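In case you want the letters, here they are:
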Amino acid sequence: MKQIQRKNPFWSLAGPLLAYFGIQLAVQTVVQAVIQAPYLAQAYIDNFVNGGASDFQEAMNGYLSAAGPAIEQVLKYQVEIAGAAALCTIPLTAVLFAKDRKLEKACGIVPAEKTPFGRYWAVVLFGAVLSVGVTCLSSMAQAVMYDEQYQQTAESMYSASFPVQLLVMGVVIPAAEELMFRGVMYKRYREKRKFWYAALWSSLFFAVTHTNNIQMAYAFFLGICLCWLYERFGSFKAPLVLHISANAASLILTESGAFGWLGAEPIRMAVAAVLCAFVCSSLFVLMQRMTEKEKADATDEKSDSMNMF
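The following paragraphs examine the structure supplied in this document. (Residues numbered from 1 in each chain as written. Predicted model: local features only at pLDDT ≥ 70, side-chain atom pairs only at ≥ 80, totals over all residues. Heavy atoms only, no water.)

**Focus: the overall build of the protein**
Rules: Segments assigned H or I by DSSP are reported as helices when at least four residues long, segments assigned E as strands when at least two residues long, and all are numbered from the N terminus. Relative accessibility thresholds used throughout: buried, under 20% of the residue-type maximum; exposed, over 50%; partly exposed, between the two (1.4 Å probe, protein chains only). Pairs of residues are marked as contacts when any of their non-hydrogen atoms sit within 4.5 Å. Here, Shrake-Rupley sampling with a 1.4 Å probe gives the accessible areas, and only protein chains in the shown set may cover a residue.
The helix and strand tally for the protein stands at 11 helices and zero strands. A burial count over the protein gives 39% of its 309 residues as buried. Taking all contacts inside the protein whose residues are at least 6 apart in sequence as the whole, residues at least 24 apart take part in 79%. Surface accessibility of the protein: about 17,100 Å² in total, with carbon and sulfur atoms responsible for 67%.

Written out as structure tokens, the structure reads:
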């Protein structure tokens, strides 16, 4: 079996990951500083230029009083800041993704058979149903063991207008995360390792990018599903479509009040979670059979084309 030989396997994985986090941190820092700058500048003018503060301690108190509204503005635009940070990582990961595919071709690695896009309706449905089931389970987990970080994250996620939520959390962030954790990390692990090793490690790194225990558990499970889809469908489009479908469905159902209706009665959430588990299991089996049939048909076509007589 042909494999890609990299000069430094460790840095081929650690380098992109550190660059990804570094870009996000830098962008978030700069944007937050821009948002806070007018408030801190006004505090400086009031306390020093206009002589509003009689001593250093009073000046510091003035800065602290200005910091409150500045921090509130940063929290108000958390979704937009996250979107800007994610967007700025895409050029890096897109270039790495494209180079890796060219390297595979240069090494003579045969690309996987791709499932026709017409079959992706099952992926979209799987993502939508999965989002409902996971949201119900997360709400029940939050009710049993309250996680303040999860609550704060949920509040900041829905602080932006719905179109902004849909654009940032429904498209931009999934695209950035898929390019990094499936397009680069998973595929590079997969160059020399079996599926489960590559899926577990890439999903673990994906999970730690989330800020609370409930989201980390969901992200790890979702990461495994996304890697499996990449493997079965043979295309980066499959995990990307699933991720976008799951996030968009969650946002739409929250905005429509469907999740509020489910959350009003614990029994509704429990029933919805069970039904979603059943539907997701059925779709999982369907997609597995679907991709097996596509691969079998492709193998038969190749055999027929080689048989000239």
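Next comes the rest of the description.
**Focus on the environment of Ala270**
Structurally, the position occupied by Ala270 is in helix α11 (residues 266–306). The class of Ala270 is partly exposed, set by a relative accessible area of 29%. Taking the C-alpha atoms as reference points, Ala270 and Met140, separated by 130 residues in sequence, lie 8.3 Å from one another.

**Describing the nonpolar core**
The cut-off we apply is this: By convention a nonpolar core is built from buried Ala, Val, Leu, Ile, Met, Phe, Trp, Tyr and Cys residues, the set being connected through side-chain atoms within 4.5 Å.
One finds Leu229 and Met287 to be the most contacted residues of the largest nonpolar core, which totals 49 residues. No other element matches the nine residues that helix α8 (residues 213–233) contributes to this core. Apart from residues lying up to four places away in sequence, Met287 is in contact with Ala122, Val123, Phe126, Trp228, Leu229 and Phe233.

**As for helix α3 (residues 78–106)**
Because each turn of an α-helix spans 3.6 residues, side chains separated by three or four positions in sequence point in the same direction. As a reminder of what qualifies: To estimate how far a helix should reach, multiply one less than its number of residues by 1.5 Å. By definition, a residue's bend is the angle between the axes fitted to the seven residues ending there and the seven starting there.
Here α3 spans 42 Å end to end across 29 residues, near enough to the 42 Å set by a 1.5 Å rise per residue. Of all bends in α3, the biggest is about 30°, found at Ile90, and the proline Pro91 comes one to four residues later. Buried residues of α3: Val79, Ile81, Gly83, Ala85, Ala86, Thr89, Thr93, Leu96, Phe97, Asp100 and Glu104, and no others. Residue Gly108 follows α3 closely and has a positive phi angle near 80°.

**Some thoughts on the pattern of salt bridges**
As a reminder, the rule being used: Any carboxyl oxygen of Asp or Glu within 4 Å of a side-chain nitrogen of Lys or Arg constitutes a salt bridge here.
Evaluation of the coordinates by the stated rule reveals seven salt bridges. The partner of Glu104 in a salt bridge is Arg101, with the nearest N and O atoms 3.0 Å apart. Placement of the pair is Glu104 and Arg101 together in helix α3, with a separation of three residues, close to one helical turn. Its salt-bridge partner being Arg190, residue Glu231 comes within 2.6 Å of it at the nearest N-O pair.

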